[in-house]
Amino acid sequence: MATNHSSSDLNSDVNNGEDFRVHVFSSSSELLEKLHEKWNSGKEQPYPAMYSSVFGGIILDPVMMVIPVDDHMVHRGHGVFDTAIILDGHLYELDVHLDRFLRSASNAKISSPFPRSTLRTILIQLAATSQCRKGTLRYWLSAGPGDFLLTPGGCPTPAFYAIAIKEDFLQCKEGMKVITSNIPMKQPQFATMKNVNYLPNVLSKMEAEEKGAFASIWVDDEGFIAEGPNMNVAFITHDKELILPLFDKILGGCTALRLLELATKLVEQGRLKSVKTGNLTVGEAKSAAEMMYVGSTLPILPIIMWDDNPIGDGKVGELTMALSDLLWDDMVAGPETHRLPVPY
Ligand SMILES: Cc1ncc(COP(=O)(O)O)c(C=O)c1O
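These lines cover the structure that appears in this document, whether it is placed above or below. Because the structure is predicted, anything quoted here is derived from the model rather than measured.

## Overview of the site of the ligand
Stage number 1. Near the ligand, the surroundings consist of 16 residues, among which Lys194, Tyr198, Glu227, Thr255 and Ser296 are the closest.
Stage number 2. One nitrogen or oxygen atom from the side chain of Lys194 is found 2.4 Å from an oxygen atom belonging to the ligand.
Stage number 3. Protein contact buries 94% of the 390 Å² of open area that the ligand shows by itself.
Stage number 4. Of all the cavities here, the one that holds the ligand is the largest pocket.
Stage number 5. Elements with a contribution of two residues or more to the shell around the ligand: α4 (94-107) and α8 (254-262).
Stage number 6. For the shell around the ligand, the per-class residue count stands at 5 nonpolar, 8 polar and 3 charged.

In structure tokens, the structure reads:
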């Protein structure tokens, strides 16, 4: 059987791999037995249910939660995705995520096998079937399976996949360190749609982790602050203004948009002076009083160090936590216009 090899193993392969024998599965039952062994290893199954339009239904067996290898999302990256949080048995901001999902699909020239209302129903039924009360739904629209060419002319039907994932996320209260990314950010056309080409994002986060930071900050080619590898970023100036970078070159985060709405409460209370989006230079951003990441599962992550310089007094900001509380309360107990009860 194939085993994992480190790169040094690969370089010191003295037999030129000649003694390696590839196992051939003689039947699908032999393969299924082996795959079930892996999932039955005692660990809790983190994926309680998956939907596939290719299969035409919901799959409960993790072994069968697969995507065809000739799907253009797999071998050409011709796919888009989105998420939605399940918290306390409710789907948070499902409609906002679904709207962005369909905008991404349209920009990527991917059609949907179903109208929006059916996609929504499938996601709600998937959440209900999964019995998951805390976790995420992740879903993809793909050009679909068909062949290995570049364009999808040979793919008869686009595909929709979705999976329920059990995840235990909590409100983030600890301050984190970030670095400026050295990995080039995506061009606006690609950064503004949530497509599956996340290699720059992966490498950018890996670079940060290798340098002992939580994640990175992208700066655009005009020198303005952009976003993190899978979250937006926000700042509070010494004048108590909340500023988020404009969404014209980055992903319009659903959490960031909700934050802009909710933060007006702090303006009404006189704790913030204003709430806005705008261009911020690196110098302006680094001299902010408070800084934070904003994204679905966080929902706010305080940032206290950037490229080894403290932000503000180097401690978790009071207004950052006030914004975090506003978002967290909205996620766990907000109005039903933003929280959809899952019909378990
Ligand atoms: C590149 C990027 N920016 C921002 C975000 C934040 O978006 P949201 O608040 O919708 O999770 C994400 C989330 O996946 C992302 O991938």
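## Quick notes on the pattern of salt bridges
Stage number 1. For the structure shown, the criterion picks out 17 salt bridges.
Stage number 2. A salt bridge links Asp220 to Lys249, with the shortest nitrogen-to-oxygen separation between them at 3.2 Å. Of this pair, Asp220 sits in the loop between β8 (215-217) and β9 (232-236) while Lys249 sits in the loop between β10 (241-244) and α8, and the two are 29 residues apart along the sequence. Of the two residues examined, Asp220 and Lys249, each falls in the buried class.
Stage number 3. A salt bridge links Lys276 to Glu241; its shortest N-O distance comes to 3.9 Å. One end of the pair, Lys276, is in strand β11 (residues 274-277); the other, Glu241, is in strand β10, with 35 residues separating them in the sequence.
Stage number 4. Assessed through its relative accessible area of 37%, Lys276 is described here as partly exposed.
Stage number 5. A single network of salt bridges, built from pairs that share partners, joins Asp95, Asp99, Arg116 and Arg120.

## Looking at the state of the cysteines
Stage number 1. Following the criterion strictly, the structure yields 0 disulfides and no others.
Stage number 2. Unpaired in terms of disulfides, Cys132 finds its nearest cysteine sulfur in Cys172, a separation of 18 Å.
Stage number 3. This cysteine, Cys172, is not joined by any disulfide, and Cys254 carries the nearest cysteine sulfur, 18 Å off.
Stage number 4. With a relative accessible area of 16%, Cys172 lands in the buried category.

## Concerning empty space enclosed by the protein
Stage number 1. According to the stated counting rule, one finds 2 cavities of 30 Å³ or more in the structure shown.
Stage number 2. For the largest cavity, the calculated volume is near 50 Å³.
Stage number 3. Along its surface, the largest cavity is lined by Ile85, Tyr92, Glu93, His97, Cys254, Thr255, Ser296 and Met331.
Stage number 4. Taken together, the residues of the lining of the largest cavity break down into 4 nonpolar, 3 polar and 1 charged.
Stage number 5. Summarising the domain contributions, the lining of the largest cavity has at least three residues from each of domain 1 (28-166) and domain 2 (176-333).
Stage number 6. Lining the second largest cavity, in full, are Ala289, Glu290, Met291, Pro302, Ile303, Ile304, Ile311, Lys315, Val316, Gly317 and Thr320.
Stage number 7. Residue assignment for the lining of the second largest cavity shows that the elements contributing at least two residues are β12 (290-294) and β13 (300-306).
Stage number 8. A class-by-class count of the residues in the lining of the second largest cavity yields 7 nonpolar, 2 polar and 2 charged.

Cut-offs used in this document
Residues numbered from 1 in each chain as written. Predicted model: local features only at pLDDT ≥ 70, side-chain atom pairs only at ≥ 80, totals over all residues. Heavy atoms only, no water. Near = heavy atom within 4 Å. Polar contact = N/O pair within 3.5 Å; in protein donor to acceptor, adjacent residues only side chain to side chain. Areas by Shrake-Rupley, 256 points an atom, 1.4 Å probe, with all protein chains shown as cover. 1 Å grid on protein atoms, 1.4 Å probe; cavity = no way out; pocket = protein on both sides within 12 Å on 5 of 7 lines; lining within 4 Å. Sits in = over half its atoms within 2 Å of the grid points. Helix = DSSP H or I, 4+ residues; strand = E, 2+ residues; numbered from the N terminus. Nonpolar A, V, L, I, M, F, W, Y, C, P; charged D, E, K, R; others polar. Salt bridge = Lys/Arg side-chain N within 4 Å of Asp/Glu carboxyl O. Buried < 20%, exposed > 50% of the residue type's maximum accessible area, 1.4 Å probe, protein only. Disulfide = S-S within 2.5 Å. Points joined across faces, edges and corners; volume = space filled by probe spheres on them. Domains from an automatic or database assignment.

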